[in-house]
Amino acid sequence: VTGASADAIAGTIAGTSVASLPRGAAAVVAAAQVAVGVTGTGVGNAGEAGGVGVEGQQRSRSRSKRRQILDDVEALLKSEVGIDEQAAGRLRSASKAVQQAVIRRGSLAGSRSPSAVLLYRIRSAEQGLRAAPSSCAASDVDKFLAAEDVLPHAAELLRKSPKHVQEAVIARGSLERSRNPTAVLWARVRD
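My aim in this report is to walk through the structure given alongside it, one point at a time. (Residues numbered from 1 in each chain as written. Predicted model: local features only at pLDDT ≥ 70, side-chain atom pairs only at ≥ 80, totals over all residues. Heavy atoms only, no water.)

Before going further, it helps to spend a moment on the overall build of the protein chain. Summing up its helical and strand segments, the protein chain has 10 helices and two strands in all. Mapped from its N terminus to its C terminus, the protein chain presents α and β elements in the order α-α-β-β-α-α-α-α-α-α-α-α. When the 191 residues of the protein chain are sorted by exposure, 32% land in the buried category. When the accessible surface of the protein chain is totalled, it reaches about 11,500 Å², and 54% of it is carbon and sulfur. (Helix = DSSP H or I, 4+ residues; strand = E, 2+ residues; numbered from the N terminus. Buried < 20%, exposed > 50% of the residue type's maximum accessible area, 1.4 Å probe, protein only. Areas by Shrake-Rupley, 256 points an atom, 1.4 Å probe, with all protein chains shown as cover.)

Okay, structure coming up:
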């Protein structure tokens, strides 16, 4: 799609109110708005930027990645029903790494209290990203914990474990499909 038809499609997407759409459709439209460059009130045009040097391109990429994360956060908040402003504000003000970890965890649909679950995921991601003082594999452990849904005391147990135990736990793979990830993590550390 080129020329006038691309502008017409972008204009239609830009003018669509995500709030009035069903949950699944809202996420699709929000993603389409990001794809066509909708920012706030207008539509961006990829051809507007003139010649940009390598340094400018790198800054632009990091800005666009940050913008993508912010857009993903807003899409998540708009698509979920029952998230209060306090929880939404905590997610918006969280670090990029925490936001990414929360977004990776997926939908809050089916939660009895979406705000409470969101706040728990934020706290869990923050605790998972804290640096371990004496661990050789701190970054690997932190990455592993950021992606897992374990209670803070279990995360701390893994951080304080010897390097060979940390490596063995991580080598066994994700806890994502576990019914009780905290219990599975404890068992792996004990083994």
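Now for helix 8 (residues 152–160). For helix 8, the full list of buried residues reads Ala154, Ala155, Leu158 and Arg159. For helix 8, the arc enclosing every buried residue in end-on projection is 145°, short of the 170-degree limit, so these residues lie on one face. (Arc of directions from axis to C-beta.)

Between helix 8 and helix 10 (residues 181–190), the shortest axis-to-axis distance is 9 Å and the interhelical angle comes to 20°. It follows that helix 8 is roughly parallel to helix 10 by the angle criterion. Once helix 8 is placed against helix 10, the crossing between them reads as left-handed. Contacts between helix 8 and helix 10 pair His153, Ala154, Ala155, Leu157 and Leu158 from the former with Thr182, Leu185, Trp186 and Val189 from the latter. Each residue belonging to the contact of helix 8 with helix 10 can be placed in one class, and the counts come to seven nonpolar, two polar and no charged. (Axes fitted to C-alpha atoms, helices over the stretch in contact; angles between N-to-C directions. Parallel < 35°, antiparallel > 145°, perpendicular 65-115°, else oblique. Left-handed = near helix turned anticlockwise from the far one by under 90°. Contact = heavy atoms within 4.5 Å. Nonpolar A, V, L, I, M, F, W, Y, C, P; charged D, E, K, R; others polar.)

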